[in-house]
Structures are given as structure tokens and as C-alpha cells.
Amino acid sequence: MPAVREKRHHLSGILPTFIDESHDYPTDQARRATFRTKEGKKVTAFQWAVYDFTRKVPHGRVTTYKDVCTAIGQGSPRSVGSALRKNPFAPTVPCHRVIASNYYVGGFFGEWGASRCSAKIHMLTNEGVEFTADGYLATKSVIWRG
């Protein structure tokens, strides 16, 4: 089992993230079969599919929970959100780049809404993705669908 350590993000105190000490995302089936989260749980096949797709979302772009399930051919937007809430590979799997289908900021660390997701908005703003004051994507030109 890979060692996990806490990494202090530039939003230290607001946003703790946990990363694999080897900085290595398991891509082969043998390593995935033995990987365990910091809680000791296996990652499901559905979660791997979500993480694999989300990992490809480019810096400065966003996709939606619905687009993720459409791209991987399974699940629902809610199940994608649940998988991302449990993401043990942040920031390698950039879950902050997934927003709601109506282009609302969506959720982050299990919280929902612009007032509760200020760290997510801050991270995306630093990548050049802008939101309105009420938490909606300012321009659709940054949407990425894979």
C-alpha cells in the first residue's frame, strides 16, 4: 500500500489535499488491485473510470458531472460527484475541474454551492476559469468534453 502524507496546498488551512507519496497514479490493473485509500478501502471500477477521465481535464478547462458519466458510459452525475468526493489522488486527479451541468460551480469536498466552494472557485480562477458572483461559469468556451 502506498504511503500517504498530507500535502499543504497554497490554500493551506482551507484546503488539505492528500497525495500518494510516490506521486504515482496507478494505471496498471495489478497496482489498482492492491491500491487502498488512506482509509484502507479499495477503489471501485467505476471510481477508476471517473478518475481516469477526470485526470485528462486540461488546466484552465472544466467539464461537468454529466459529461463525465456520458464519456465513461456509466453512472449518474450524482455518482460521479460521490466518486470525486472520495478522490484519493488530488491534485493528480483534478476533481476541482468538474462542475454542474447547468454550469454552476457544484460541489467540493462534499459541500455544495458557491459560498461553500470558495476554495474550488479560487483554484479555478487561478487557472483562468471565471465564475459570476453567484457561482456560475462566466464563459462556456472553457468547457471540455474530452
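Attention now moves to helix 2 (residues 45-54). Judged by how many residues are buried, helix 2 sits mostly within the fold: 8 of 10 residues are covered. Restricting attention to buried positions, one finds in helix 2 the residues Phe46, Gln47, Trp48, Ala49, Val50, Tyr51, Phe53 and Thr54. Structurally, helix 2 contributes buried residues whose contacts are with helix 1 (29-34), strand 3 (63-64), helix 3 (65-72), helix 4 (77-85) and strand 4 (98-99).

For the rest of this paragraph, the subject is the confidence of the model for the protein. For the protein, mean pLDDT is 86; residues scoring 70 or higher make up 84% of the total. Of the regions scoring below 50 in pLDDT, residues 1-22 engages in 42 contacts with residues more than four places distant in sequence or in other chains.

As for its position among the elements, Thr63 is in strand 3. Looking at Thr63, its side chain comes within polar contact range of the main-chain oxygen of Trp144, at 2.8 Å. Residues contacting Thr63, with those up to four places away along its chain left out, are Phe53, Val57, Val68, Arg97, Val98, Ile99, Trp144 and Arg145.

So, about the pattern of salt bridges. If you walk through the whole model with that rule in mind, you get 5 salt bridges. Between Arg31 and Asp24 there is a salt bridge, with the nearest N and O atoms lying 3.0 Å from each other. Take Arg31: its relative accessible area is 31%, and that puts it in the partly exposed class. Residue Arg32 pairs with Asp52 through a salt bridge whose shortest N-O separation is 2.5 Å. With Arg32 in helix 1 and Asp52 in helix 2, this pair connects stretches of sequence that are 20 residues apart. Residue Arg32 is classed as buried on the basis of its relative accessible area of 9%. Look at Asp52 and you get partly exposed, because its relative accessible area is 26%.

Interhelical geometry of helix 2 versus helix 4 gives an angle of 85 degrees and a closest axis separation of 9 Å. With respect to helix 4, the element helix 2 is oriented roughly perpendicular. Facing Phe46, Gln47, Val50, Tyr51 and Thr54 of helix 2, the residues of helix 4 in contact are Ser79, Val80, Ala83 and Leu84. Class assignment for the residues of the contact of helix 2 with helix 4 results in 6 nonpolar, 3 polar and no charged.

Of all hydrophobic cores here, the largest spans 22 residues; its most connected members are Trp48, Val50, Tyr51, Val80, Leu84 and Phe89. Every element with two or more residues in this core is listed here: helix 2, helix 3 and helix 4. Residues contacting Tyr51, with those up to four places away along its chain left out, are Tyr25, Val43, Ala83, Leu84, Lys86, Asn87, Pro88, Phe89 and Val93. Core analysis: the next-biggest nonpolar cluster, separate from the first, contains 18 residues, Ala100, Cys117, Val129 and Val142 among them.

Once that is clear, we can look at the packing of aromatic side chains. Taken as a whole, this structure holds 12 aromatic pairs when the rule is applied. Ring centres of Tyr25 and Trp48 lie 5.8 Å apart, and the angle between their planes is 75 degrees; this geometry places the pair in the edge-to-face category. Here the residue Tyr25 occupies a position in the loop between strand 2 (16-20) and helix 1, and Trp48 occupies one in helix 2, the gap between them amounting to 23 residues. With a relative accessible area of 4%, Tyr25 lands in the buried category. Ring centres 4.9 Å apart and planes at 75 degrees place the aromatic pair Tyr25 and Phe89 in the edge-to-face group. Of this pair, Tyr25 sits in the loop between strand 2 and helix 1 while Phe89 sits in the loop between helix 4 and strand 4; the two residues are 64 residues apart in sequence, bridging distant segments of the chain. Chaining the aromatic ring pairs together yields one cluster made of Tyr25, Phe35, Trp48, Tyr51 and Phe89.

Thresholds, definitions, all that
Residues numbered from 1 in each chain as written. Predicted model: local features only at pLDDT ≥ 70, side-chain atom pairs only at ≥ 80, totals over all residues. Heavy atoms only, no water. Buried < 20%, exposed > 50% of the residue type's maximum accessible area, 1.4 Å probe, protein only. Helix = DSSP H or I, 4+ residues; strand = E, 2+ residues; numbered from the N terminus. Contact = heavy atoms within 4.5 Å. pLDDT = per-residue confidence, 0-100. Polar contact = N/O pair within 3.5 Å; in protein donor to acceptor, adjacent residues only side chain to side chain. Salt bridge = Lys/Arg side-chain N within 4 Å of Asp/Glu carboxyl O. Axes fitted to C-alpha atoms, helices over the stretch in contact; angles between N-to-C directions. Parallel < 35°, antiparallel > 145°, perpendicular 65-115°, else oblique. Nonpolar A, V, L, I, M, F, W, Y, C, P; charged D, E, K, R; others polar. Core = buried A, V, L, I, M, F, W, Y, C linked by side-chain atoms within 4.5 Å. Phe/Tyr/Trp six-rings, centres within 6.5 Å; stacked < 30°, edge-to-face > 60°.

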